[in-house]
Amino acid sequence: MDASAAKPSIKTIQQHILERQRAHPNATGEFSFLLSAITLATKIIADYVRRAGLVDILGTTGGINVHGEVVQKLDVIANETIAGCLGYRDNVGIIVSEEDDEPRILKELDSRAQYIVLFDPLDGSSNIDVNVSIGTIFSILQRREGVDAGRVMDHILQPGFRQVAAGYVIYSSSTVMTYTTGDGVHMFVLDPSIGAFRLTRENIKIPKAGKTYSINEAYRNQFPKGIQDYLDWVKLDEAGGYALRYIGSLVADFHRTMIQGGVFLYPPTKKAPEGKLRLLYEANPLAFLVEQAGGAATDGRERILDKVPTALHERTPLIIGSRDEVDRVLSYWSR
Ligand code: AHG
Ligand code: MN
Ligand code: MN
C-alpha cells in the first residue's frame, strides 16, 4: 500500500458505514449503531492512554486474569469502558472480553439483540508503562438462527468465517482504527480537534510479500523444528535480507505487517503448546482483516477462520501476513 495514499478526507467512519450500508439493501442501520459504541469507547480509551503517566492509570491492579496474567489498571479501564458503551446499544446481547472469565449477557438474544461482541480491550498490556503502542481488537458475530437464546456458548463458539465485522484500534503517535464488514478493509485516523475518525485509506491491500518477520526469538529453542528451520533460512543471504521487527503488541506488529507486508508468527512453545494468542478476540478478527486485504492467516494446520472454537479463551498458534510469506513459513512448518 502506498503511504502517500494516506490523505485524511473529511469522511468520518460513521459516514463511511452509512454509505456502505446504503449499498446493502437489507442493511438496517443496526451495525452502524453498534459500531458507534465501539468508536466512542476507543475515543475514551485513547484519551486515557494519552494521559497515562499524568493520572494514576499506570501499573497493575494487583489482580490476575483468567489467563494467569497480571492485570494492568488500563486493562480494567478499557474493559469497563467498552462494556459500558456497548451496554447502551440494545442490539447487543452478549459481550466476551479477554478480561472477563465468563460472557456478559446484556440482553437475551432475540431479533433485536442479535449481536455478540468479542474483544481484547487492551492488547499489549506489557507495553503500557513504557509508552509503546497498544491497542483494542474487536470481533462481531450475529446470533445463530434457530438456536435457543439460552444456549449462549453455541452462539459464541462460531468459526471466524461467520464474523460480520472485525477491527482494531491502535493507540500510538496517532489513534488509528481499521475495520472490515466483509467489504474491504478501511482505515481511519482520530482527529482530536473534532473528535471523529477520518477516512485515510480505503480498500487496503496487504503487499503480497514483504521481507519483515515478526516473532519473539527468545523462545526459539521452544519452537517446533520447522519454525527453527525457517528462522535459520531468513538469516541466509539467499533469503535476500529480512529484517526482524517485534513490538510485543500484536495489534502494532499486525498494523505494520498490513502496511509494509511481511509475516507475524506466534508458534506453539513448550510453555504454550497451543500458542499464546486467543482465537476468538485476537486471531479471528485479525484473520478476517488480513484475508479481506488479500493476505493469509493459519494455525499451521488450517485457516484460522475455519477453526471451530471449543472454549471461550482458547489459544491458537498464529502465522499471519502477506500470502507469499505465510506460504513460505508453511513450507518449513505445518502441524
Ligand atoms: P495482551 O496484552 O492482550 O495480553 O496481549 C499480549 C500479546 C500480544 O499483544 C503480543 O503479540 C504477545 O502477547 C507478546 O507475547 P510475548 O511477550 O510472549 O512475546
Ligand atoms: Mn492481546
Ligand atoms: Mn489484552
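Residues numbered from 1 in each chain as written. Chains lettered and ligands numbered in written order. Predicted model: local features only at pLDDT ≥ 70, side-chain atom pairs only at ≥ 80, totals over all residues. Heavy atoms only, no water.

**Q** Just to check I follow, could you spell out the packing of helix H5 (residues 225-233) against helix H8 (residues 323-332) for this structure?
**A** The packing of two helices is summarised by the inter-axis angle and the distance between the axes. Interaxial distance between H5 and H8 falls to 7 Å at its minimum, and their mutual angle equals 125 degrees. Taken as axis vectors, H5 and H8 run oblique relative to one another. Here H5 and H8 pass one another in a crossing that is right-handed. Where H5 approaches H8, its residues Gly226, Ile227, Asp229, Tyr230 and Trp233 are matched on the opposing element by Arg328, Val329 and Tyr332. The residue makeup of the contact of H5 with H8, split by class, is five nonpolar, one polar and two charged. (Axes fitted to C-alpha atoms, helices over the stretch in contact; angles between N-to-C directions. Helix = DSSP H or I, 4+ residues; strand = E, 2+ residues; numbered from the N terminus. Parallel < 35°, antiparallel > 145°, perpendicular 65-115°, else oblique. Left-handed = near helix turned anticlockwise from the far one by under 90°. Contact = heavy atoms within 4.5 Å. Nonpolar A, V, L, I, M, F, W, Y, C, P; charged D, E, K, R; others polar.)

**Q** Is there a simple way to think about the domain arrangement of the protein in this case?
**A** Interface size, as often reported, equals the accessible area lost upon joining of the parts. Each domain of the protein was delimited in the assignment, giving domain 1 (3-201) and domain 2 (212-333). Spacing between the C-alpha centres of domain 1 and domain 2 amounts to 22 Å. Listed per partner, the contact involves 51 residues of domain 1 and 32 residues of domain 2. Of the roughly 2,900 Å² buried between domain 1 and domain 2 on both sides combined, carbon and sulfur atoms contribute 67%. The three residues of domain 1 that bury the most area against domain 2 are Ile137, Leu157 and Tyr168, which together make up 19% of that side's buried surface. The interface formed by domain 1 and domain 2 holds two salt bridges in total. Here Glu98 ties to Arg278 by a salt bridge, and the two come within 2.9 Å at their closest N and O atoms. Here domain 1 is connected to domain 2 by 17 residue pairs in polar contact (both at pLDDT 80 or more). (Domains from an automatic or database assignment. Buried area = accessible area lost by both parts, 1.4 Å probe. Salt bridge = Lys/Arg side-chain N within 4 Å of Asp/Glu carboxyl O. Polar contact = N/O pair within 3.5 Å; in protein donor to acceptor, adjacent residues only side chain to side chain.)

**Q** Even after reading the chapter, I still don't get the site of ligand 1, so can you show me in this structure?
**A** Taken together, 19 residues are adjacent to ligand 1, and Asp123, Gly124, Tyr219, Tyr246 and Tyr266 come closest. Take Glu98: an N or O atom from its side chain is 3.1 Å from an oxygen atom of ligand 1. At 2.9 Å, a side-chain N or O of Asp120 approaches an oxygen atom of ligand 1. The fraction of the free accessible surface of ligand 1 (480 Å²) that becomes covered by protein chains is 89%. Ranked by residue count, the leading element in the shell around ligand 1 is strand E5 (residues 115-123), at three residues. When the residues that make up the shell around ligand 1 are grouped by side-chain class, the tally is seven nonpolar, five polar and seven charged. Viewed by domain, the shell around ligand 1 spans two of them, domain 1 (3-201) and domain 2 (212-333), each represented by three or more residues. (Near = heavy atom within 4 Å. Areas by Shrake-Rupley, 256 points an atom, 1.4 Å probe, with all protein chains shown as cover.)

**Q** For this particular structure, what's the right way to read the pattern of salt bridges?
**A** A side chain with one charge may pair with a side chain of the opposite charge, provided their charged atoms come close. Throughout the structure, instances matching the rule amount to 25 salt bridges. Two residues, Asp47 and Arg50, come together in a salt bridge whose shortest N-O distance is 3.6 Å. One end of the pair, Asp47, and the other, Arg50, are both in helix H2 (residues 30-51), three residues apart, so they sit about a helical turn from each other. Exposure remark for Arg50: the relative accessible area of 52% places this residue in the exposed category. When salt bridges that share partners are traced, they join Glu69, Glu98, Arg278 and Glu282 into one network. (Buried < 20%, exposed > 50% of the residue type's maximum accessible area, 1.4 Å probe, protein only.)

**Q** Can you help me understand the sheet that holds strand E14 (residues 296-298) in this one?
**A** Taken in spatial order, the five strands line up as E12-E11-E13-E15-E14 in an open sheet, and their pairing is mixed. In this open sheet, the two edge strands, each paired with only one partner strand, are strand E12 (243-244) and E14. Sheet topology note: the E14/strand E15 (residues 318-321) ladder contains three bridges and is antiparallel. Within the sheet, the bridge partner assigned to Ala297 lies in E15 and is Ile320. On the sheet, H5 packs against strand E11 (212-214), strand E13 (263-266) and E15 and is oriented at approximately 145 degrees with respect to E13. (Pairing = 2+ DSSP bridges.)

**Q** Help me understand H2, please; the structure alone is not making it clear to me.
**A** One full turn of an α-helix is made of 3.6 residues, so residues set three or four places apart face in the same direction. For H2, with 22 residues, the first-to-last C-alpha span of 33 Å sits near the 32 Å given by 1.5 Å per residue. Remark: Gly53 follows H2 within two positions and exhibits a positive phi of approximately 100 degrees. (Expected span 1.5 Å × (residues − 1).)

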